[in-house]
Amino acid sequence: MNISVIGTGYVGLTAGACLAKIGHNVICVDHDKEKIAILNQGNMPIYEPGLKEIVVECMANGKLKFSTEIRSAVENSLVCFIAVGTPPMESGEPDLTYVENVVREIATWMFDYRLIVEKSTVPVKTAQWIKRTIERYNQHQAPFDVASNPEFLREGSAVQDFLEPDRIVIGVETEQAKNLMLEIYQPIKAPVIVTDLASAELIKHCSNAFLAMKISFINAVAVICELVGADVVEVANGMGMDKRIGRAFLNAGIGYGGFCFPKDLRAFIRIAEELGYDFRLLQEVEKINEEAKKRFVRKIKSALWNLREKRIGVLGLAFKPNTDDMRFAPSIDIINELLSEGAKVRAYDPQAMEKAQPILTRVEFCNNPIAVANDADLLAILTEWDEFRSLDLNLIKRRMRVPILADGRNLFDRKTVESLGFTYIGVGR
Ligand code: NAD
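Residues numbered from 1 in each chain as written. Predicted model: local features only at pLDDT ≥ 70, side-chain atom pairs only at ≥ 80, totals over all residues. Heavy atoms only, no water.

**Points about a nonpolar patch on the surface**
No. 1: Residues L182, V192 and V194 make up a contiguous nonpolar surface patch of about 190 Å² in total accessible area.
No. 2: Tracing the backbone shows V192 in strand 8 (residues 192–195).
No. 3: A relative accessible area of 35% places V192 in the partly exposed class. (Patch = residues over 30% accessible without salt bridge, like charges linked within 9 Å, V, L, I, M, F, W, Y side chains within 5 Å. Areas by Shrake-Rupley, 256 points an atom, 1.4 Å probe, with all protein chains shown as cover. Salt bridge = Lys/Arg side-chain N within 4 Å of Asp/Glu carboxyl O. Helix = DSSP H or I, 4+ residues; strand = E, 2+ residues; numbered from the N terminus. Buried < 20%, exposed > 50% of the residue type's maximum accessible area, 1.4 Å probe, protein only.)

**Things to note about the pairing of strand 10 (residues 344–348)**
No. 1: Buried residues dominate strand 10, accounting for 4 of its 5 residues.
No. 2: Note: strand 9 (residues 311–315) against strand 10, 5 bridges, orientation parallel. If you follow G313 over to strand 10, its bridge partner there is R346. (Pairing = 2+ DSSP bridges.)

**Thoughts on the sheet that holds strand 14 (residues 423–425)**
No. 1: As summarised here, the arrangement of the 6 strands in space is 11-10-9-12-13-14, forming an open sheet in which the pairing is parallel. Strand pairing shows two members of the sheet lacking a second neighbour, strand 11 (364–365) and strand 14, which therefore form its edges.
No. 2: Bridge count between strand 13 (residues 404–407) and strand 14: 3 bridges; the pairing is parallel. Of the residues in strand 14, the one forming a bridge with I404 is T423.
No. 3: Against the sheet, helix 12 (residues 280–304) makes contact with strand 9, strand 12 (378–381), strand 13 and strand 14, and its axis sits at roughly 165° relative to strand 12, the strand it touches most. (Contact = heavy atoms within 4.5 Å. Axes fitted to C-alpha atoms, helices over the stretch in contact; angles between N-to-C directions.)

**So, the packing of helix 5 (residues 97–108) against helix 6 (residues 126–137)**
No. 1: The geometry of helix 5 relative to helix 6 is characterised by a closest axis approach of 8 Å and an angle of 40° between their N-to-C directions. In terms of their interaxial angle, helix 5 and helix 6 are classed as oblique. Here helix 5 and helix 6 pass one another in a crossing that is right-handed. Where helix 5 abuts helix 6, its residues V99, E100, V103, R104, A107 and T108 lie against I130, T133, I134 and Y137.
No. 2: In terms of residue class, the contact of helix 5 with helix 6 is made up of 6 nonpolar, 2 polar and 2 charged. (Parallel < 35°, antiparallel > 145°, perpendicular 65-115°, else oblique. Left-handed = near helix turned anticlockwise from the far one by under 90°. Nonpolar A, V, L, I, M, F, W, Y, C, P; charged D, E, K, R; others polar.)

**Considerations on the environment of Y137**
No. 1: Take Y137: it is sitting in helix 6.
No. 2: Each C-alpha atom, one on Y137 and one on I106, is 8.9 Å from the other, the two residues being 31 residues apart in sequence.
No. 3: Every residue in contact with Y137, bar those within four places of it in the chain, is listed here: R104, A107 and T108.

**With respect to the nonpolar core**
No. 1: I300 and L317 are the most contacted members of the largest nonpolar core, which totals 63 residues.
No. 2: When neighbours within four sequence positions are excluded, I300 is seen to be in contact with L307, I312, L338, L378, A380 and A406.
No. 3: Judged by nonpolar contacts, the second largest core, of 42 residues, contains A15, L51, M181 and Y185. (Core = buried A, V, L, I, M, F, W, Y, C linked by side-chain atoms within 4.5 Å.)

**Looking at the site of the ligand**
No. 1: Around the ligand, the surrounding shell holds 26 residues, and the nearest of these are D30, K35, T86, E155 and K263.
No. 2: Note that a nitrogen atom of the ligand is positioned 2.7 Å from one of the side-chain N or O atoms of E155.
No. 3: Contact distances for the ligand include 2.9 Å between an oxygen atom and a side-chain N or O atom of R327.
No. 4: Considering the ligand on its own, with 830 Å² of exposed area, one finds that the protein chains cover 90% of that surface.
No. 5: Sorting the residues of the shell around the ligand by element identifies helix 1 (10–21) and helix 5 as the ones contributing at least two each.
No. 6: A per-class count over the shell around the ligand returns 10 nonpolar, 8 polar and 8 charged. (Near = heavy atom within 4 Å. Polar contact = N/O pair within 3.5 Å; in protein donor to acceptor, adjacent residues only side chain to side chain.)

**Here's the deal with the packing of aromatic side chains**
No. 1: For the structure on display, the rule yields 6 aromatic pairs.
No. 2: Measuring from ring centre to ring centre gives 6.1 Å for F249 and F261, while their planes differ by 45°; the resulting arrangement is tilted. A residue pair is termed long-range when its members are at least 10 positions apart, and F249 in the loop between helix 10 (232–240) and helix 11 (261–274) and F261 in helix 11 qualify at 12 residues.
No. 3: Under the relative-accessibility criterion, F249 is labelled partly exposed at 28%. (Phe/Tyr/Trp six-rings, centres within 6.5 Å; stacked < 30°, edge-to-face > 60°.)

**Details of the packing of helix 9 (residues 197–228) against helix 10**
No. 1: Between helix 9 and helix 10, whose axes approach to 9 Å, the crossing angle comes to 130°. As the angle between them shows, helix 9 and helix 10 are arranged oblique. Crossing of helix 9 against helix 10: the hand is right-handed. Every residue of helix 10 that contacts helix 9 at F217, I218, V221, A222 and C225 is listed here: V232, V235, A236 and M239.
No. 2: Of the residues belonging to the contact of helix 9 with helix 10, the class tally is 9 nonpolar, no polar and no charged.

**Examining the pattern of salt bridges**
No. 1: What the rule picks out here adds up to 32 salt bridges.
No. 2: We note a salt bridge from E226 to R295, for which the minimum N-O separation is 2.8 Å. Pair noted here: E226 is in helix 9 and R295 is in helix 12, with a separation of 69 residues, a long-range link.
No. 3: Using a relative accessible area of 28% as the deciding quantity, one classes E226 as partly exposed.
No. 4: Its salt-bridge partner being D278, residue R280 comes within 3.7 Å of it at the nearest N-O pair.
No. 5: Look at R280 and you get exposed, because its relative accessible area is 59%.
No. 6: Counted as one network, the salt bridges with shared partners bring together E93, R270 and E273.

Right, here's the structure in full:
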């Protein structure tokens, strides 16, 4: 099938490449000329394991093209996926102007039937707005359908999540739209749920809100664990073995971040408010998440007494491992708080340093974890990269001025670290 994907970011690029990989002819469009130039040279604008190989393969066999021209992409595709950003505004509501701009452009260049698929995460009822907007700008009176097809991929495992998802959610209003969507995903072996438009949109909101709630739940439990001398990892393991609960997303730490959870949760709270429902449960999830970062900084302060002139080494900046994404990373708030108290911060991240540099301008970036540890008064782990699990802690300890390890992701075993002579600060243990 001829498909265009408008918006070539983490989601659009992954979706476009994977749709090409399963046999479709895909044009990925972005108005960012630099991004498209990088891709056309066979390079990647983002770090995502396994994606480059698929992009290179599908470009070579002609299944995948990149362009800044939305017009020819729309003219030549039966299905147009919208995968542009929906960043949060001051109010917490997502900014839907990118979505609207793309919809208007699509409407302008539709000459015959098109299926417009909402892939970006948007508030419930956006599909209805998309329909209304197309009707308004549909210059050639082309017939069309709108579908909602929320994306559940995780950065860091985006390719696998797209090609082997737990489920595919399709919200449609007509048989034609349903059949086209089923045909697109036919090569992917996963359960497909076909719903109305609003239910599909809500499935995305609710899934992210529920996962964020699990994280905040275990972070609240971590506080209790510290108060009673229990170990939150043991508690989570014990809870997680119950199939009704599951172990995933029960990792206590410095809280969630990234482009999705904070923004999607805020958006869901706002939507509920507009609909007349005060979703206090989710407001509490947000509060606990903010508190998790503050508690971690307080622990560092109580370990070091005054922060002025203290050297703090930070390992991990990305909001989670296996990505270079710094958007709403907890590391930003934590590091800024340490800097504002007068600490000197050095940092290392395996992939996110390029993206972190313009955000954390007062941080000294190092090429490896050992350089970060040199003369440090404390070493803080803010992202649980696998590479940190195999660190030579003996060497790190020798390099540090004072061997204190503040493990914001409970990456290490307390006893092991303490037996090496470190003071260990974990979360909820
Ligand atoms: P992104 O910022 O990485 O990519 C968005 C892209 O859209 C950018 O490259 C931008 O230049 C492009 N764009 C904006 N306006 C455009 C226009 N008028 N024409 C052409 N291109 C335009 O964002 P992302 O992380 O890929 O997220 C996209 C959507 O998917 C968001 O709604 C997000 O919430 C949702 N989502 C993201 C993830 C994730 O893990 N990142 C997962 C699931 C869903």
